[in-house]
Amino acid sequence: GQVEFAVRCPPRRDAGVAVEGAGTGAISRQSMAYLIGRVDQARVSVFILPRQGLEVFPHQLEALRQERVHRCREDGYEMALQFIGENVVVVIGDLPAERLLRVLQAYGSYHDHPADAAPADQRA
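Here we summarise the structure given alongside this text. (Residues numbered from 1 in each chain as written. Predicted model: local features only at pLDDT ≥ 70, side-chain atom pairs only at ≥ 80, totals over all residues. Heavy atoms only, no water.)

Examining the overall build of the protein
When helices and strands are tallied, the protein shows two helices and six strands. Order of helices (α) and strands (β) in the protein, N terminus to C terminus: β-β-β-α-β-β-β-α. Scored against the burial criterion, the 124 residues of the protein give a buried share of 44%. Of the contacts made within the protein by residues no fewer than 6 positions apart, 51% connect residues no fewer than 24 positions apart. Put simply, the protein shows about 7,000 Å² of open surface, and 49% of that area lies on carbon and sulfur atoms. (Helix = DSSP H or I, 4+ residues; strand = E, 2+ residues; numbered from the N terminus. Buried < 20%, exposed > 50% of the residue type's maximum accessible area, 1.4 Å probe, protein only. Contact = heavy atoms within 4.5 Å. Areas by Shrake-Rupley, 256 points an atom, 1.4 Å probe, with all protein chains shown as cover.)

Spelled out as structure tokens, the structure:
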């Protein structure tokens, strides 16, 4: 499938992610791309939405207005999300927060440039 927004390559290999699948879908009627895989033996999922797609999740949107990377624990899973370029990238997995952040950082580091920085009103 395809989505109407740009999606970057999967996380760099140095993050330890073994990609097992990818696709497209929707969350609360918002188009998204995703990939699933493993870090060591733990499952990890990466969801990519357009930047404006976070409007369907007001709690997370508010959190990213106050901090560059938002972390939380939901239903036994670690979650980390960040604006990267014109996307919102959400990483969810049953792994230590530090490993989850490494996956998120690896996803966003392929094309480092000023557009990847959060707007001034969304930086911590």
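There's more to say after this.
Describing the pairing of strand 1 (residues 17-27)
Both strand 1 and strand 2 (residues 30-39) contribute to a ladder of ten bridges, which runs antiparallel. Looking at the pairing, G21 lines up with I36 of strand 2. The hairpin turn running from strand 1 into strand 2, its antiparallel successor, is two residues long, and S28 in that turn takes a positive phi close to 50°. (Pairing = 2+ DSSP bridges.)

Some words on helix 1 (residues 58-66)
Among the residues making up helix 1, those that are buried are Q60, L61, A63 and L64. Projected onto a plane normal to the axis of helix 1, the buried residues spread over an arc of 160° and lie on a single side. Structural note: helix 1 exposes P58, H59 and Q66 on the side pointing more than 90 degrees away from its buried face. Those residues of helix 1 that are buried are in contact with strand 4 (69-74) and strand 5 (77-84). (Arc of directions from axis to C-beta.)

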